[in-house]
Amino acid sequence: MNIIWFSGRKMADLCSTTQKSLGSGLVERGHNLIFVNPDLPGSHTNYPWTHYSITASQIPGLKSITLARKMNKWLCANLPKDKTVVILDWRIAKQLTMTLQKHNIPWILMDRSPPADSNILAKLQWLYWKNAWKSVKTYQKTGCVVSQAHREFVSRYTGVSQSSTISIPAGVNTNQFQTGIKSSPIKLCYHGKLDSNRGLMKLISIHSKLIDNGVDVKLYLHGNGDLVTKLANLKNDKIHVTETLDSDNLVQCLSGYDVGLLPMPDKRVWRLASPLKRGEYLASGMIVLGINHTGHRMDNSENWLHLFDENKFVQSSVDFIRNLDLEQLRQSQTNARNFAEANLDWSNSVAILEDILSKQY
């Protein structure tokens, strides 16, 4: 199968793991993939697909529209001669859909998250998002979401039938993330953006309360964001804050940690999510504690996932950790790894995407 993927996201973005994993998986299954995005020419030499670079305006508010216009121009100059299916990011979808429809080229929409910004540009982003889904409805196409909650949200706000959307949840590379040696003291971890809208200060409270209760515990925070300076200034030798780790260092660190934390609050952006870190925690043999909302829940979860009411998250986590039985913890960690191997590998998500694409001809 020949596939062209138009994306507004750069590979250096922390959220690009999905397109890297899905794209690599499609190529591994024997498909020909062309990736068109704003990365610089030559920057995809380590990836298994053909890359075309389309530069975007750096003026806020004009990035998506100028990128879409340039991508549409590229498409018109490079109309595929063989059967091809196109994947469109919602950020750049509207303009390209008219060209694709004109030339009878099948396409699907890829929506890994609705607009997350809360600034003045959010209204413009929501317009792009709604227009992209309007095209799905108008042309009776298929859209890909990350969760059932995301599917219901799309249907409620755009009128697109749930039967026209398919969930492709975030996965994890279980060959890369592995369980390592677990040793005392108990090691808690959060990795990702260290932003103030993610409830991260609750993790500091959890750690402090555990220390006050005489529990030997360390907290590890890895990432970049507006809280880095504040967290680094805590000057606590049992709280370790680093910048974003490269993949090899992240894998090595997670393999030795015990508890992965999901503090993201019960807000729309997190309720609709399928967090990559959850799968990485489980594949690394960690149990997971988090706030109870749809973005953190998992079907068929067992004793390795514990979600608490947001208002009681700190105290419930403290009570849970201080009463941990080491033998039960190690068994739960083994169960977490086994579940990840059986259910969360990216190969499962790639198979879903492959099936969707094959049905577009």
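Data block above holds the structure.
Residues numbered from 1 in each chain as written. Predicted model: local features only at pLDDT ≥ 70, side-chain atom pairs only at ≥ 80, totals over all residues. Heavy atoms only, no water.

**Section: the overall build of the protein chain**
- Helix and strand counts for the protein chain come out as 13 helices and 13 strands.
- Overall, the protein chain is about 70 × 40 × 40 Å in size when its C-alpha atoms are taken along their principal axes.
- Evaluated residue by residue, the protein chain yields a buried proportion of 50% over its 361 residues.
- Carbon together with sulfur atoms contributes 47% to the accessible area of the protein chain, which is approximately 16800 Å² in total.
- If you average the places of the 42 positive and of the 30 negative side-chain charges in the protein chain, the two averages end up 10 Å apart. (Helix = DSSP H or I, 4+ residues; strand = E, 2+ residues; numbered from the N terminus. Buried < 20%, exposed > 50% of the residue type's maximum accessible area, 1.4 Å probe, protein only. Areas by Shrake-Rupley, 256 points an atom, 1.4 Å probe, with all protein chains shown as cover. Lys, Arg positive; Asp, Glu negative; His and termini not counted. Charge placed at Lys NZ, Arg CZ, Asp CG, Glu CD.)

**Overview of the pattern of salt bridges**
- All chains considered together, the criterion is met by seven salt bridges.
- With its nearest N and O atoms 3.1 Å apart, the salt bridge here joins Asp266 to Arg271.
- For Asp266, a relative accessible area of 35% gives the class partly exposed.
- Glu341 is the partner of Arg337 in a salt bridge, and the nearest nitrogen-oxygen pair spans 2.9 Å. Placement of both Arg337 and Glu341 in helix 12 (residues 326–343) is noted, with a separation of four residues, approximately one turn of the helix.
- Residue classification places Arg337 among the buried positions, given a relative accessible area of 8%.
- The class of Glu341 is partly exposed, set by a relative accessible area of 43%. (Salt bridge = Lys/Arg side-chain N within 4 Å of Asp/Glu carboxyl O.)

**Structural notes on the side chain of His150**
- Along the chain, His150 turns up in helix 5 (residues 148–158).
- The exposure class assigned to His150 is buried, which follows from its relative accessible area of 0%.
- Polar contacts involving the side chain of His150 include one to the main-chain amide nitrogen of Val146, which spans 3.1 Å.
- Leave out the neighbours within four places in its chain, and His150 touches Asp111, Arg112, Ser113, Pro114, Val145 and Leu272. (Polar contact = N/O pair within 3.5 Å; in protein donor to acceptor, adjacent residues only side chain to side chain. Contact = heavy atoms within 4.5 Å.)

**Details of the sheet that holds strand 1 (residues 2–6)**
- Taken together, the seven strands give an open sheet; going across it, the order is 3-2-1-4-5-6-7, and neighbouring strands pair in parallel fashion. At either margin of the open sheet sits one strand with a lone partner, and together these are strand 3 (50–53) and strand 7 (165–167). For this sheet, the mean angle separating the axes of adjacent strands, direction not counted, is 20°.
- The pairing of strand 2 (residues 32–37) with strand 3 spans four bridges and is parallel. Across the sheet, Asn37 pairs through a bridge with Ser53, a residue of strand 3.
- Along the sheet face, helix 1 (residues 17–28) touches strand 1, strand 2 and strand 5 (107–110) and points at about 170° away from the line of strand 1.
- The strands touched by helix 13 (residues 346–358) are strand 1, strand 4 (84–89), strand 5, strand 6 (142–145) and strand 7; relative to strand 5, the strand with the most contacts, the crossing angle is about 145°. (Pairing = 2+ DSSP bridges. Axes fitted to C-alpha atoms, helices over the stretch in contact; angles between N-to-C directions.)

**Section: the pairing of strand 11 (residues 259–262)**
- Taking every second residue as pointing to the same face, both faces of strand 11 are buried, with Val259 and Leu261 on one and Gly260 and Leu262 on the other.
- Here two bridges tie strand 8 (residues 186–191) to strand 11, and the two strands are oriented parallel to one another. Pairing of Leu188 across the sheet is with Val259, part of strand 11.
- Bridge count between strand 11 and strand 12 (residues 287–291): four bridges; the pairing is parallel. The residue bridging Leu261 from the neighbouring strand is Leu289, located in strand 12.

**Looking at the state of the cysteines**
- For the structure on display, the rule yields zero disulfides.
- In this structure Cys189 is a free cysteine whose sulfur lies 8.1 Å from that of Cys253, the closest cysteine sulfur available.
- Take Cys189: its relative accessible area is 0%, and that puts it in the buried class. (Disulfide = S-S within 2.5 Å.)

**Remarks on unusual backbone geometry**
- Here the residue pair Ser184 and Pro185 is connected by a cis peptide bond, since its omega of 0° sits within 30 degrees of zero.
- On the secondary structure map, Pro185 appears in the loop between strand 7 and strand 8.
- Of note, the phi angle at Gln140 is positive, near 55°, even though the residue is not glycine.
- On the secondary structure map, Gln140 appears in the loop between helix 4 (122–139) and strand 6.

**Observations concerning the packing of aromatic side chains**
- The final tally for this structure, using the stated rule, is 13 aromatic pairs.
- Arranged with centres 5.0 Å apart and planes meeting at 15°, the rings of Tyr47 and Trp49 form a pair that is stacked.
- By relative accessible area, which is 7% here, Trp49 ends up buried.
- Aromatic ring contacts, followed pair by pair, group Trp5, Phe35, Tyr47 and Trp49 into a single cluster.
- Here the basic side chain of Lys83 rests over the ring of Tyr361, its NZ or CZ set 5.4 Å away from the ring centre. (Phe/Tyr/Trp six-rings, centres within 6.5 Å; stacked < 30°, edge-to-face > 60°. Lys NZ or Arg CZ within 6 Å of the ring centre and 35° of its normal.)

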